[in-house]
Amino acid sequence: MTDNKAQYVAGHALLDGRTAVITAAAGAGIGGATARRFLEEGARVLISDAHARRLKETEEALAAEFGPDAVAAQACDVTDETQVQALFDTAGRLHGGLDIVVNNAGLGGTAALVDMTDEQWSRVLDTTLNGTFRCTRAALRAFRDGDGGGGGVVVNNASVVGWRAQAGQAHYAAAKAGVMALTRCAAVEAAAYGVRVNAVSPSLAMHPHLVKVTSAELLEELTAREAFGRYAEPWEVANVIVFLASGYSSYMTGETVSVSSQHA
């Protein structure tokens, strides 16, 4: 059988001189991979996460590799508007402006709809959809009112379950479908001041933490749906986020790009 393992792509200065805020960027998932890819492409990043200890460790590791001037960190719980505003205030203070926002924060869970509690539903929606709304709103205000005279890019993290049904995922699917709709509406409004808003929609991107909390049976089932017979590496999703954040996608807005090899 052909080896379908992807080869890591070197940076090409696609984001040289740009400044970015990335939420949920502590650790080995899509947010952390995006921070690394942005740095490899020449950006300066302000990473955030609700987990302060992991965030500090990620900041120190990236700063040691890319330099302390390229990386800053601030803890942020996207369910708290005060913390969201403080994050964007810090971005403006550190860099004097902002070019890119990646809304990666989200929360999952598994529960049959018939047994799902209001708390389970609301907790997923508040982080995944409302958190994306709060950060998108803050980003658009910063882009509209900034000294740059308009311009900027927002990239949201959706999911293929926003399109496809999956048992036990009603709350997560509803939230991610909402992220897609939010992306489209925000793009229409933000075009007036030169801002682009797009989303990625991964299917199965795994990292060590998710492997630990996913049963072997479920992982095997989900992997079997993928045409390449494997799950995506987080950096493969991050590569598409880089594309959407770069000038190569200058005429794209309101789009949700599937990062998936699912064939069913």
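A quick note: this is a predicted structure, and the numbers were derived from the prediction, not measured.

Examining the overall build of the protein chain
Reasoning step 1: Along the protein chain, the regular secondary structure elements total 8 helices and 7 strands.
Reasoning step 2: Counting across all 264 residues of the protein chain, residues that qualify as buried make up 48%.
Reasoning step 3: A separation of at least 24 residues holds for 75% of the contacts in the protein chain among residues at least 6 apart in sequence.
Reasoning step 4: Of the roughly 12600 Å² of accessible surface on the protein chain, a fraction of 53% belongs to carbon and sulfur atoms.

A short note on the nonpolar core
Reasoning step 1: Core analysis: the biggest nonpolar cluster contains 30 residues, and Phe38, Val200 and Ile241 have the highest contact counts within it.
Reasoning step 2: If you tally residues by element for this core, the top one is helix 8 (residues 234–245), at 6 residues.
Reasoning step 3: Excluding anything up to four places from it in sequence, Ile241 contacts Ile30, Thr34, Phe38, Val102, Val155 and Val200.

Re the packing of aromatic side chains
Reasoning step 1: The final tally for this structure, using the stated rule, is 1 aromatic pair.
Reasoning step 2: Consider the rings of Tyr8 and Trp235, whose centres lie 4.8 Å apart with planes at 65°: the pair is edge-to-face. One end of the pair, Tyr8, is in the segment before strand 1 (19–22); the other, Trp235, is in helix 8, and 227 residues separate them in sequence.
Reasoning step 3: Residue classification places Tyr8 among the partly exposed positions, given a relative accessible area of 40%.

Digging into the state of the cysteines
Reasoning step 1: Counting across every chain of the model gives 0 disulfides.
Reasoning step 2: In this structure Cys76 is not part of a disulfide, and its nearest cysteine sulfur, from Cys135, lies 5.6 Å away.
Reasoning step 3: Of the residues examined, Cys76 reaches a relative accessible area of 4% and is grouped as buried.
Reasoning step 4: The buried category is assigned to Cys135, whose relative accessible area is 1%.

Quick word on the packing of helix 1 (residues 30–40) against helix 2 (residues 52–66)
Reasoning step 1: At their nearest, the axes of helix 1 and helix 2 sit 11 Å apart, and the two run at 15° to each other. As summarised for this structure, helix 1 and helix 2 are arranged roughly parallel, according to the angle between their axes. Read as a crossing pair, helix 1 and helix 2 show a hand that is right-handed. Contacts between helix 1 and helix 2 pair Ala35, Arg36, Leu39 and Glu40 from the former with Leu62, Glu65 and Phe66 from the latter.

Here's the deal with the pairing of strand 2 (residues 44–49)
Reasoning step 1: Of all the 6 residues making up strand 2, 5 are buried; the element is thus mostly covered by neighbouring parts of the structure.
Reasoning step 2: For strand 1 and strand 2, the ladder comprises 4 bridges, and the chain directions are parallel. Directly across from Thr19, in strand 2, lies its bridge partner Arg44.
Reasoning step 3: Of the crossover connections in this fold, the one passing from strand 1 over helix 1 to the parallel strand 2 is right-handed.
Reasoning step 4: Judged from the 5 bridges that link them, strand 2 and strand 3 (residues 71–75) form a sheet pairing that is parallel. Looking at strand 3, one finds that Leu46 is bridged to Ala72.

Here's the deal with the side chain of Asn198
Reasoning step 1: In this fold, Asn198 is placed in strand 6 (residues 195–202).
Reasoning step 2: Side-chain polar atoms of Asn198 contact the backbone oxygen of Met252, separated by 2.9 Å.
Reasoning step 3: Of the polar contacts made by the side chain of Asn198, one reaches the backbone nitrogen of Thr253; its length is 3.5 Å.
Reasoning step 4: When near neighbours in sequence (up to four residues on either side) are disregarded, Asn198 contacts Val154, Val155, Asn156, Thr183, Leu244, Met252, Thr253, Gly254 and Glu255.

Side note on the sheet that holds strand 6
Reasoning step 1: In spatial order, the strands read 3-2-1-4-5-6-7; together these 7 strands make up an open sheet with parallel pairing. The open sheet has two free edges, formed respectively by strand 3 and strand 7 (256–259), since each of these has just one partner strand. Taking each pair of neighbouring strands and ignoring which way they run, the sheet shows an average axis angle of 20°.
Reasoning step 2: Against the sheet, helix 4 (residues 118–145) engages strand 4 (100–103), strand 5 (152–157) and strand 6, with an angle of about 175° to strand 5.
Reasoning step 3: Sitting on the sheet, helix 5 (residues 170–190) is in contact with strand 5, strand 6 and strand 7, with an inclination near 160° to strand 6.

About the criteria used
- Residues numbered from 1 in each chain as written.
- Predicted model: local features only at pLDDT ≥ 70, side-chain atom pairs only at ≥ 80, totals over all residues.
- Heavy atoms only, no water.
- Helix = DSSP H or I, 4+ residues; strand = E, 2+ residues; numbered from the N terminus.
- Buried < 20%, exposed > 50% of the residue type's maximum accessible area, 1.4 Å probe, protein only.
- Contact = heavy atoms within 4.5 Å.
- Areas by Shrake-Rupley, 256 points an atom, 1.4 Å probe, with all protein chains shown as cover.
- Core = buried A, V, L, I, M, F, W, Y, C linked by side-chain atoms within 4.5 Å.
- Phe/Tyr/Trp six-rings, centres within 6.5 Å; stacked < 30°, edge-to-face > 60°.
- Disulfide = S-S within 2.5 Å.
- Axes fitted to C-alpha atoms, helices over the stretch in contact; angles between N-to-C directions.
- Parallel < 35°, antiparallel > 145°, perpendicular 65-115°, else oblique.
- Left-handed = near helix turned anticlockwise from the far one by under 90°.
- Pairing = 2+ DSSP bridges.
- Right-handed = clockwise from strand over helix to strand, strands pointing away.
- Polar contact = N/O pair within 3.5 Å; in protein donor to acceptor, adjacent residues only side chain to side chain.

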